[in-house]
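Descriptive analysis of the structure
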Amino acid sequence: MHGENSAVTLLNNALNNAIENLTQTQIQASFERPKHSGQGDRAANAAMKLAKTLKSRPAEIAQKIIASLESNHELQESGIIQKIEFANPGFVNIFLSGKFYALVTSDILKQAGNYGRINLGNNKRVQVEFVSANPTGPLHIGHGRGAVVGDSVARILEFTGWNVEREYYVNDHGLQIENLGKSAQARYFELAGKKIDFPENGYKGKYMYDIAQEILDTEGTKFLDMPLESSLEFFKRYTAEKILSGIKSDLEKMRVKFDKFFPESYLHKNNLVKSTMQALKNNGYAYESEGALWFKTEDTIGDDKDRVLIRTNGIPTYFASDIAYHSDKFLTRKFDRVIDVWGADHHGYIARMKAAVKAMGRNPDDFIVLLIQLVNLIRDGKSVNMSTRSGEFIELREVLDETGVDATRFFILTRRSDSQLDFDIDLAKKQGSENPVFYIQYAHARIASILREFESRGGNLREINPDEIPDEIFTNPDAKNLADALSFFPDEIRDASETLNPQVITAYVLNLAGIFHSFYNTNRILNEPDEKISLGRINLIRATKLVITSCLELIGVSAPEKM
């Protein structure tokens, strides 16, 4: 399988064989990095986990595991182990040889961009729905956070064997679109010198004047003599389409693409809300009372009360539309898994939607919600006021123009999405090592520069054998640390995919860049007199460059060859 590391696989297989010999059952165990130095390069705590099952002391089990490892012919033949030690109460500590790190490096070079790929999804279909901001105004940095998180999760899932579809749900139906149309209409009349009442919950941002002016320029004053109700449909449609077009432009600039924009109006035009409500009634999950239709959330999930689906006036609630939308995802389009990215203020809605998924006959665990906390913009050490009563706010495109796409995407992913994020604009603009994205990109560009210099001196990268990596280069602690960090990349990918947390990747690649810079400061590469050592180090930095590139691609950040 792509992404496997033969040295790591050999080590873990030997451990699992040892356990299988003891228990006669297969248990997936693996070696991990010890918490403290002096405990070896890898450690296994399997003996403690097996003590209850085997009714033996962990120390006795650990000694048997060690004996099995030491008698494993393939493991001993590989030469990847220096020694194995026991540590109380039942740890198995492994000290690895330079051969292990040489094998890790050659594996990466042979697999190239496929290193780290693991097939967790088995090509199952997963939909990631994110951003889905109402087309009632431009995107702000909070929407940008949802966009980057959703897009990066989709990239990670694709890298780990899932068949991913990205979707944006367009709320183009209901009261908010009504108010949007009326707001544009009122600004149009105002600009034309004929004032009408501005809607109570209208949209007051400057962008409404810009849209109204555009309508006035292209359509003239023809709407002034028409009844307001007659022209409202035009204002609703034109304004929503104009704003959605701007949203799409901002997302494209941020390197976020969608496979589908799904309009809410589709659900109503095709009677999907009505048919879904009927299905809920037929299956005993909904009932009529006091002239309204209710969902049995109290019985289904222990909610504090049942929730209204269809109001007494016959108008569906947002909950009803959302159930119909997710029914379309699960039952019509038949996604195996659905991931929604929501603002943190919707956390109370999750249990209700899981109840709806259960009512559809699907496992609620197949429906996952990632919550996005607020972003606090910092400038000159102080919080930037995000909005005013007039409806003005800092638009996402303004942040992108000031800090750049790379820094914006990276800084957004430095914290888990469910934690509040302080986004330091000044730091994001700095071209120095204190800026984490610059620090990582500089590591990538520095390696590219060394490789170009190698070729300018007559070297040919294609002719370097990836297996020719002398073990002795790893006697240098920084070289060993670098190969060691590279060996854990598939584990980090697994963690990021299983937890749907791209921050795992940003933390890993930042650490990797730091380890590379340390290696560069203590190891001669091009001016090393021993050609075999020099070529071995060239191979090590080539492997490092491949992994940094993969990390940056997964979070949508560019990997520059020059800086």
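Above this text is the structure in question.
Scope of this entry: the structure provided in the associated data block. (Residues numbered from 1 in each chain as written. Predicted model: local features only at pLDDT ≥ 70, side-chain atom pairs only at ≥ 80, totals over all residues. Heavy atoms only, no water.)

**Comments concerning the overall build of the protein**
- The helix and strand tally for the protein stands at 22 helices and 14 strands.
- Principal axes of the C-alpha set define a box for the protein whose edges measure 90 × 60 × 40 Å.
- Classification of the 563 residues of the protein by burial places 53% in the buried group.
- In the protein, the share of contacts with a sequence separation of at least 24, taken over all contacts with a separation of at least 6, comes to 72%.
- Taken as a whole, the protein presents about 26,300 Å² of accessible surface, with 46% of it coming from carbon and sulfur.
- Between the averaged position of the 68 positive side-chain charges in the protein and that of its 76 negative side-chain charges there is a distance of 1 Å. (Helix = DSSP H or I, 4+ residues; strand = E, 2+ residues; numbered from the N terminus. Buried < 20%, exposed > 50% of the residue type's maximum accessible area, 1.4 Å probe, protein only. Contact = heavy atoms within 4.5 Å. Areas by Shrake-Rupley, 256 points an atom, 1.4 Å probe, with all protein chains shown as cover. Lys, Arg positive; Asp, Glu negative; His and termini not counted. Charge placed at Lys NZ, Arg CZ, Asp CG, Glu CD.)

**Re the sheet that holds strand β7 (residues 286-289)**
- Within the open sheet, the three strands sit side by side as β7-β8-β9. Their pairing is antiparallel. Only two strands of the sheet have a single neighbouring strand rather than two, namely β7 and β9 (307-310). In this sheet, adjacent strand axes meet at a mean angle of 40 degrees when their direction is disregarded.
- Direction of pairing for strand β8 (residues 292-295) relative to β9: antiparallel, over a ladder of three bridges. (Pairing = 2+ DSSP bridges. Axes fitted to C-alpha atoms, helices over the stretch in contact; angles between N-to-C directions.)

**Observations concerning the pattern of salt bridges**
- Using the criterion set out here, one finds 36 salt bridges in the structure.
- With a closest N to O distance of 3.2 Å, glutamate 214 and lysine 242 form a salt bridge. Highlighted residues: glutamate 214 in helix α8 (residues 206-219) and lysine 242 in helix α9 (residues 228-253), separated in sequence by 28 residues.
- Note that arginine 494 is salt-bridged to glutamate 498, the shortest N-O span being 3.5 Å. Note that arginine 494 and glutamate 498 are positioned in helix α20 (residues 489-499) at a spacing of four residues, about one turn of the helix.
- Sharing partners across several salt bridges, the network here consists of Asp151, Arg155, Glu158, Arg166 and Arg409. (Salt bridge = Lys/Arg side-chain N within 4 Å of Asp/Glu carboxyl O.)

**As for the packing of aromatic side chains**
- Across all of its chains, the model carries 28 aromatic pairs by this definition.
- An angle of 40 degrees between the planes, with centres 5.0 Å apart, marks the rings of phenylalanine 262 and tyrosine 325 as tilted. A residue pair is termed long-range when its members are at least 10 positions apart, and phenylalanine 262 in strand β6 (residues 260-263) and tyrosine 325 in helix α13 (residues 318-332) qualify at 63 residues. Like phenylalanine 262, the residue tyrosine 325 is buried in the burial classification.
- Seen in terms of ring centroids, tryptophan 342 and tyrosine 349 are 5.7 Å apart; in terms of plane orientation they differ by 50 degrees. Their pairing is tilted. Grouping residues by exposure puts tryptophan 342 and tyrosine 349 together as buried.
- An aromatic cluster of at least three residues, connected via ring pairs, comprises Tyr188, Phe189, Phe223, Phe234, Phe235 and Tyr238.
- The positively charged end of lysine 83 is found above the aromatic ring belonging to phenylalanine 95, 4.6 Å away from the centroid.
- The ring of phenylalanine 261 has lysine 248 sitting right over it, with the charged end atom 4.4 Å from the ring centre. (Phe/Tyr/Trp six-rings, centres within 6.5 Å; stacked < 30°, edge-to-face > 60°. Lys NZ or Arg CZ within 6 Å of the ring centre and 35° of its normal.)

**Structural notes on the packing of helix α18 (residues 436-456) against helix α22 (residues 531-554)**
- Between α18 and α22, the shortest axis-to-axis distance is 10 Å and the interhelical angle comes to 140 degrees. Relative to α22, the element α18 is oriented oblique. Two packed elements cross with a definite hand, and for α18 against α22 that hand is left-handed. Contacts between α18 and α22 involve Ile440, Ala443, His444, Ile447, Ala448, Ile450, Leu451 and Phe454 on the former and, on the latter, Leu535, Ile538, Ile541, Arg542, Thr544, Lys545, Ile548, Thr549 and Leu552.
- Across the contact of α18 with α22, the residue classes tally to 12 nonpolar, three polar and two charged. (Parallel < 35°, antiparallel > 145°, perpendicular 65-115°, else oblique. Left-handed = near helix turned anticlockwise from the far one by under 90°. Nonpolar A, V, L, I, M, F, W, Y, C, P; charged D, E, K, R; others polar.)

**Remarks on the environment of arginine 117**
- Turning to its location among the elements, arginine 117 is positioned in the loop between α5 (98-111) and β4 (125-129).
- Taking C-alpha positions, arginine 117 is 57 Å from glycine 220, a pair spaced 103 residues apart along the chain.
- Reaching out from arginine 117, the side chain makes a polar contact with the side chain of asparagine 114 at a distance of 2.9 Å. (Polar contact = N/O pair within 3.5 Å; in protein donor to acceptor, adjacent residues only side chain to side chain.)

**Re the sheet that holds strand β12 (residues 375-379)**
- Across the sheet, three strands lie side by side as β13-β12-β14; this open sheet has mixed pairing. Each edge of the open sheet is held by one strand with a lone partner, namely β13 (382-383) and β14 (421-424).
- The pairing of β12 with β13 spans two bridges and is antiparallel. Each bridged residue has a counterpart across the sheet, and for arginine 379 the counterpart in β13 is lysine 382.

**As for unusual backbone geometry**
- For the bond from asparagine 88 to proline 89, the omega torsion is 0 degrees, close enough to zero to count as cis.
- Along the chain, the position of proline 89 falls in the loop between β2 (81-87) and β3 (91-96).
- Even without being a glycine, aspartate 380 presents a positive backbone phi close to 55 degrees.
- Residue placement: aspartate 380 occurs in the loop between β12 and β13.
- When its relative accessible area of 62% is taken as the criterion, aspartate 380 is described as exposed.

**What about helix α7 (residues 175-191)?**
- Over its 17 residues, α7 extends 24 Å from the first C-alpha to the last, a length consistent with the 24 Å expected when each residue adds 1.5 Å.
- Most of α7 sits inside the fold, with 12 of its 17 residues counted as buried.
- Gln176, Ile177, Asn179, Leu180, Gly181, Ser183, Ala184, Gln185, Ala186, Arg187, Tyr188 and Phe189 are the residues of α7 that are buried.
- Lining the buried residues of α7 we find α8, α9 and α13. (Expected span 1.5 Å × (residues − 1).)

**Description of a negative patch on the surface**
- A grouping of Asp471, Glu472, Asp530 and Glu531 is seen on the molecular surface, where their side chains present a negatively charged patch.
- Relative to the assigned elements, glutamate 472 resides in the loop between α18 and α19 (477-487).
- By relative accessible area, glutamate 472 is classed as partly exposed at 48%. (Patch = residues over 30% accessible without salt bridge, like charges linked within 9 Å, V, L, I, M, F, W, Y side chains within 5 Å.)

**With respect to the pairing of β8**
- Burial along β8 is two-sided: Ala292 and Trp294 facing one way and Leu293 and Phe295 facing the other are all buried.
- Both β7 and β8 contribute to a ladder of four bridges, which runs antiparallel. Residue pairing in the sheet places glutamate 288 in a bridge with leucine 293 of β8.
- Taking the residues between adjacent antiparallel strands as the criterion, β7 and β8 are bridged by two residues, where glutamate 290 takes a positive phi near 55 degrees.

**Considerations on the environment of glycine 202**
- Within the secondary structure, glycine 202 is located in the loop between α7 and α8.
- In sequence terms glycine 202 and glutamate 178 are 24 residues apart; their C-alpha atoms lie 9.2 Å from each other.

**Concerning α9**
- Its 26 residues place the ends of α9 37 Å apart at the C-alpha level, agreeing with the 38 Å of an ideal helix rising 1.5 Å per residue.
- Positive phi shows up at arginine 255, right after α9, with a value of about 65 degrees.

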